[in-house]
Structures are given as structure tokens and as C-alpha cells.
Amino acid sequence: MAAPPLGRLLSTHLLVALFGMGSWAAINGIWVELPVVVKDLPEGWSLPSYLSVLVALGNLGLLLVTLWRRLAPGKSERVPIQVVQALSVVGTALLAPLWHHVAPIAGQLHSVAFLTLASVLALACCASNVTFLPFLSHLPPPFLRSFFLGQGLSALLPCVLALLQGVGHLECLPASSNGTLWLPNDFPERFPASTFFWVLTALLVTSAAAFQGLLLLLPSPPSASTAGLGSDLRVRTPGVEEEEEEEEASPLQESPNQAAGAPPSPDPDAHRLLSVHSACLLGLLAITNALTNGVLPSVQSFSCLPYGRLAYHLAVVLGSAANPLACFLAMGVLCRCCHGYCVRVCFPT
């Protein structure tokens, strides 16, 4: 089959990257904005603990996606993706004017609007994990790299925006000529939290528009019953070895034999999930996810409390930026050794 035009290929890669940018941009944006909003919300320094619980409860969105697939088998992923993107855009847009609104609950003030919208965004972000990738399974494997690059941007771009925003601080300045009277002066951020959420909304709108562009660019909307949809976008690079092509085979795509109902491979040990190697990888994945998404974010505000909001701001932003930067590095430096994974996990802890 003839190779597609270079312009169309690059446009597809760009749209896939922008599409992946909207997966976790909302929650990542809230995390890096916590040092700014923590001083105005009644939960104070315990706000990250509340947010960690809400993100964990957001995994209930996976049950909603499973229910959708049970009630509408064989349907495409277009509707769930559009629902996820709509929730992300609307939730972030409502955060801009409502994030500072509080209401009394059980005799104490709580940031009801902020926490409610954060829970909605957590549902959308968690559901994106199981809706975006099935859509991309109908494209050639090289487009997965563009998607993961976009996912890295979903954390990196909010971090860059937060660094540009800065964090407010108090500074005592002399109020008299002889220096005997000093008064505290509040230096605010370069722009308020509302502006940050509006810019974040623009990023999510861009991601939603990229998805609509993909639907227009592809030959037909991907569905569960469609196979080889993006075959015309596949490009063969001269000099590529057959082993590399086999290595790039997408684990999200079914082979033609499997799609036709052919019997599985006679070797049952080839894909055994509960092997020692798979159990080791799953254990490392559980440990790293528990630390990065649960334990460390919930106690980070208390560990940074003695050093002030500036230290907390830099710890949150630079910590969030380290993840996508490491993902970009992993695109060029591959490690498939289980012992290497163990060293990487155990060394930082």
C-alpha cells in the first residue's frame, strides 16, 4: 500500500499528541495549583490529603465505562471519550469562577465547590485511561508514542504554567525612615488561580478539538468491530529490521487470527499472567503508584510546611515535571530487565 503524504502523517501525529494531552491535564493542573489555593481554602495544608482521597475514588469511573461496554457491546469509543472530554472542560471551566466558594458542613467551613469539581475531574481522568487507548488501538503502533508524548505534556504544561505564575509570599518592609517599624506586605502571584484554570480549560478544549480532527482525518470512526482502520497511515521506513517491527507490535491490537476466532497459541506459558516475572512487574507497578499517587502527595504539604509555601510550590511543580521528563528519557533509553526495574524503584525510596 502506498505511503500516505508526509503532511497527513505529521498532522495525525500532532493530533494524537494533543489528544493525549487532555487525559490527565485537569488533575495535574489542580495538583500544581494547590500551593496557590491552599492559603485561601478552609482545609488549609490538609487539602492535598482530601484531594488524594478524591483521586482514589475517581477510579469508580472505570466501573461506569465497564457498565457502558456491558450495556452497549460493540459500540465505538467515541461517545465515552466525548463524555470524558466534556466533563473535563466543563469542570475546569467551572473551577475558574467557583474554586474559592465555601459552605458550612457540620458546623465547619469546607471548600465544597473545589472538592466537588475535583471529584468530577478525577472521575473523568481515571476513565480516560480505559477509553483513550482502545481508540488508539486501531491506529498503527508508532502513534502510541505520540499519544504517550501527549500524556507527558498533560503534566509538563501545567507545571510550566505554574512556574510562570509563581507563588505569593509575605515580606516585612520598613514603614518608617528610622527602621523601627516594620509591616508585613503580601506579594501576590503573577496571575490569580482563576486565570490558571482558564488557561487549563483552553488546553482541554484544544485536546477535544484534536479528537474531532482525528475523527475527520481517519477514514471512518473506529469501532470495536473495525479492524485495521489505520492501515493506510502505516509507513515503512527503509532499513528497518523485521525484529524491530515485531518488537513494535501493538499489544492493544488483536491479530487477524484472533479476530477471526482462531484458537489460541498452543503454548500456555507464553502469555501466563501469574508468572514470576509478571508478578514482579505488577508488584513494582503497585508500589510506584501507591507512592506517587497516594502516599507522597498526601503528606507532601506537611513535610514542606516548615519551609513555607515557596518550598511547597517548587516541590509540587518540579516533582510533577519529573514524571514526564523521565517518560521522554525512557523513549530513547529502554530497559526491559526486571532487575533494572527493581533498582530504579528501590533506589529513590
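Just so we're clear, the structure is a prediction, and the values are computed from it rather than from any experiment.

Thresholds, definitions, all that
Residues numbered from 1 in each chain as written. Predicted model: local features only at pLDDT ≥ 70, side-chain atom pairs only at ≥ 80, totals over all residues. Heavy atoms only, no water. UniProt positions renumbered as here; feature names shortened; annotations may be inferred. Helix = DSSP H or I, 4+ residues; strand = E, 2+ residues; numbered from the N terminus. Phe/Tyr/Trp six-rings, centres within 6.5 Å; stacked < 30°, edge-to-face > 60°. Buried < 20%, exposed > 50% of the residue type's maximum accessible area, 1.4 Å probe, protein only. Salt bridge = Lys/Arg side-chain N within 4 Å of Asp/Glu carboxyl O. Expected span 1.5 Å × (residues − 1). Bend = angle between axes of the 7 residues up to and from the residue. Core = buried A, V, L, I, M, F, W, Y, C linked by side-chain atoms within 4.5 Å. Contact = heavy atoms within 4.5 Å. Axes fitted to C-alpha atoms, helices over the stretch in contact; angles between N-to-C directions. Parallel < 35°, antiparallel > 145°, perpendicular 65-115°, else oblique. Left-handed = near helix turned anticlockwise from the far one by under 90°. Nonpolar A, V, L, I, M, F, W, Y, C, P; charged D, E, K, R; others polar. Patch = residues over 30% accessible without salt bridge, like charges linked within 9 Å, V, L, I, M, F, W, Y side chains within 5 Å. Areas by Shrake-Rupley, 256 points an atom, 1.4 Å probe, with all protein chains shown as cover.

1. Quick word on the UniProt feature "transmembrane region" (unreviewed entry) in the chain
Reasoning step 1: UniProt's feature table lists "transmembrane region" (unreviewed entry) at residues 49-67, 79-100, 112-135, 147-167, 196-218, 273-291 and 311-334, given in the numbering used throughout.
Reasoning step 2: Between the end C-alpha atoms of residues 112-135 the distance is 34 Å, and the span holds 88% helix and 0% strand.
Reasoning step 3: Helix and strand shares over residues 196-218 are 96% and 0% respectively, and the end C-alpha atoms of the span are 33 Å apart.

2. Digging into the packing of aromatic side chains
Reasoning step 1: This model, assessed by the stated rule, comprises eight aromatic pairs.
Reasoning step 2: Each residue in the set Phe19, Phe132, Phe135, Phe147, Phe148 and Phe211 is aromatic and connected to the rest through ring pairs, giving one cluster.

3. A word on unusual backbone geometry
Where the residue is not glycine, phi is negative for most of them; where a peptide bond is considered, it is trans in most cases.
Reasoning step 1: The phi torsion at Ala106 lies on the positive side, around 55°, for a residue other than glycine.
Reasoning step 2: With respect to the secondary-structure elements, Ala106 resides in the loop between strand S1 (103-105) and strand S2 (108-110).
Reasoning step 3: We classify Ala106 as exposed; its relative accessible area is 81%.

4. Concerning the pattern of salt bridges
Reasoning step 1: Evaluated as defined, the whole model comprises two salt bridges.
Reasoning step 2: Here Asp40 makes a salt bridge to Lys39, at a shortest N to O gap of 3.6 Å.
Reasoning step 3: For Arg69, the salt bridge is made with Glu77, and the minimal N-O distance between the two is 3.3 Å.
Reasoning step 4: Given a relative accessible area of 34%, Arg69 falls into the partly exposed group.

5. Some thoughts on helix H8 (residues 142-165)
Reasoning step 1: Given a rise of 1.5 Å per residue, 24 residues ought to cover 34 Å, and the 35 Å separating the end C-alpha atoms of H8 matches this to within 8%.
Reasoning step 2: A bend of about 30° at Ser154 is the largest found in H8, and the proline Pro158 appears one to four places after it.
Reasoning step 3: Backbone geometry just downstream of H8 places Gly166 in the positive-phi region, at approximately 75°.

6. Some thoughts on the nonpolar core
Reasoning step 1: Residues Ile27, Ile30, Phe114 and Phe197 are the most contacted members of the largest nonpolar core, which totals 42 residues.
Reasoning step 2: At the level of secondary structure, the elements contributing two or more residues to this core comprise helix H2 (25-37), helix H3 (47-57), helix H5 (78-98), helix H6 (112-128), H8, helix H9 (193-217) and helix H13 (309-330).
Reasoning step 3: Among the elements that take part in this core, H2 stands out by supplying nine residues, more than any other.
Reasoning step 4: Once residues within four sequence positions are removed from consideration, Ile27 is found in contact with Val55, Ala118, Leu121, Ala122 and Cys125.
Reasoning step 5: Counting residues in each nonpolar core, the second largest holds 21 residues, with Phe19, Leu136, Leu139 and Leu214 among its members.

7. Comments concerning the packing of helix H1 (residues 6-21) against H8
Reasoning step 1: Put simply, H1 and H8 touch, their axes get as near as 6 Å, and they point 45° apart. Comparing the axis directions of H1 and H8 gives the class oblique. The handedness of the crossing between H1 and H8 is right-handed. For the pair H1 and H8, contact is made by Leu9, Thr12, His13, Val16, Ala17, Phe19, Gly20 and Met21 and by Pro142, Phe143, Ser146, Phe147, Gly150, Gln151, Leu153, Ser154 and Leu157, respectively.
Reasoning step 2: For the contact of H1 with H8, the per-class residue count stands at ten nonpolar, seven polar and no charged.

8. Some points on the packing of H2 against H6
Reasoning step 1: Running from N to C, H2 and H6 cross one another at 150°; their axes reach a closest spacing of 9 Å. Our classification of the angle between H2 and H6 gives roughly antiparallel. Where H2 approaches H6, its residues Ala26, Ile27, Ile30, Leu34 and Val37 are matched on the opposing element by Phe114, Ala118, Leu121, Ala122 and Cys125.
Reasoning step 2: Here the contact of H2 with H6 is built from residues that sort into ten nonpolar, no polar and no charged.

9. Some remarks on a nonpolar patch on the surface
Reasoning step 1: A grouping of Val53, Leu57, Leu60, Leu63 and Leu123 is seen on the molecular surface, where their side chains present a nonpolar patch of about 450 Å² in accessible area.
Reasoning step 2: For the nonpolar patch, the secondary-structure elements that each account for two or more residues are H3 and helix H4 (60-71).
Reasoning step 3: By secondary structure assignment, the location of Leu60 is in helix H4.

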